[in-house]
Amino acid sequence: MVTRPLARMVLSLVVLVFVAAPAWSGESPVRGGTLRFAMIDTPPSLDAHILTATLSTTVSQHFLETLFTFTENYDPVPHLARSAEVRDGGKLILIQLRQGVLFHNGKEMTSDDVVAS
């Protein structure tokens, strides 16, 4: 049976080889192409508003960012939000967004982008 430290070391070495291989060979990184990877199953959904399956959540954490996240003690803290203020006896929550947050296309995040959240 393979021990965890040994398995971690082997995995780290494999990742290092794939990440550093272009630098070692003198090749420049190439944008675009197709990324193929293995998963244990197909997520039933990637819609962040209805995620319930652990597999969906695990996959979406790699490409979705949320207004709030959790500390190691599961306390909610702002992530894409800068702050939140509860008003009107809890009926209204005013969320200030972080400034300068860019999407992959260079467009800055606005309130219109997160209205569904």
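For clarity, every value in this text was computed on a predicted model and none was experimentally measured.

Reading the values: the criteria
- Residues numbered from 1 in each chain as written.
- Predicted model: local features only at pLDDT ≥ 70, side-chain atom pairs only at ≥ 80, totals over all residues.
- Heavy atoms only, no water.
- Helix = DSSP H or I, 4+ residues; strand = E, 2+ residues; numbered from the N terminus.
- Contact = heavy atoms within 4.5 Å.
- 1 Å grid on protein atoms, 1.4 Å probe; cavity = no way out; pocket = protein on both sides within 12 Å on 5 of 7 lines; lining within 4 Å.
- Points joined across faces, edges and corners; volume = space filled by probe spheres on them.
- Nonpolar A, V, L, I, M, F, W, Y, C, P; charged D, E, K, R; others polar.
- Buried < 20%, exposed > 50% of the residue type's maximum accessible area, 1.4 Å probe, protein only.
- Salt bridge = Lys/Arg side-chain N within 4 Å of Asp/Glu carboxyl O.

J.: Explain the environment of Leu46 to me, and be specific about the residues and the numbers.
T.: Residue position: Leu46 is located in the loop between helix H1 (4-25) and helix H2 (54-60). When sequence neighbours within four positions are dropped, the list of residues in contact with Leu46 reads Leu51, Ser56, Val59, Phe63 and Leu64.

J.: Before we move on, could you go through the layout of surface pockets and cite the residues and values that matter?
T.: Roughly 260 Å³ of internal volume is contained in the second largest pocket. Considering the residues around the second largest pocket, the lining is formed by Leu35, Phe37, Met39, Ile40, Leu55, Thr58, Val59 and His62. Considered class by class, the residues forming the lining of the second largest pocket number six nonpolar, two polar and no charged.

J.: Help me get a handle on unusual backbone geometry, residues and values and all.
T.: Phi at Tyr74 takes a positive value of approximately 65°, unusual for a residue other than glycine. With respect to the helices and strands, the residue Tyr74 is situated in the loop between strand S1 (68-70) and strand S2 (76-78). With relative accessibility at 66%, the residue Tyr74 sits in the exposed group. A positive phi is found at Asp88, a non-glycine position, where the angle reads about 50°. Within the element layout of this structure, Asp88 appears in the loop between strand S3 (81-87) and strand S4 (92-97).

J.: Explain the pattern of salt bridges to me, and be specific about the residues and the numbers.
T.: Going through the model one piece at a time under the given rule, you end up with two salt bridges. Residue Glu85 is joined to Arg87 by a salt bridge in which the shortest nitrogen-to-oxygen separation is 3.0 Å. Glu85 sits in the partly exposed class, given a relative accessible area of 39%. Here Arg87 falls in the partly exposed class, since its relative accessible area comes to 36%.

Everything listed here is a matter of geometry and, on its own, says nothing about what the molecule does.
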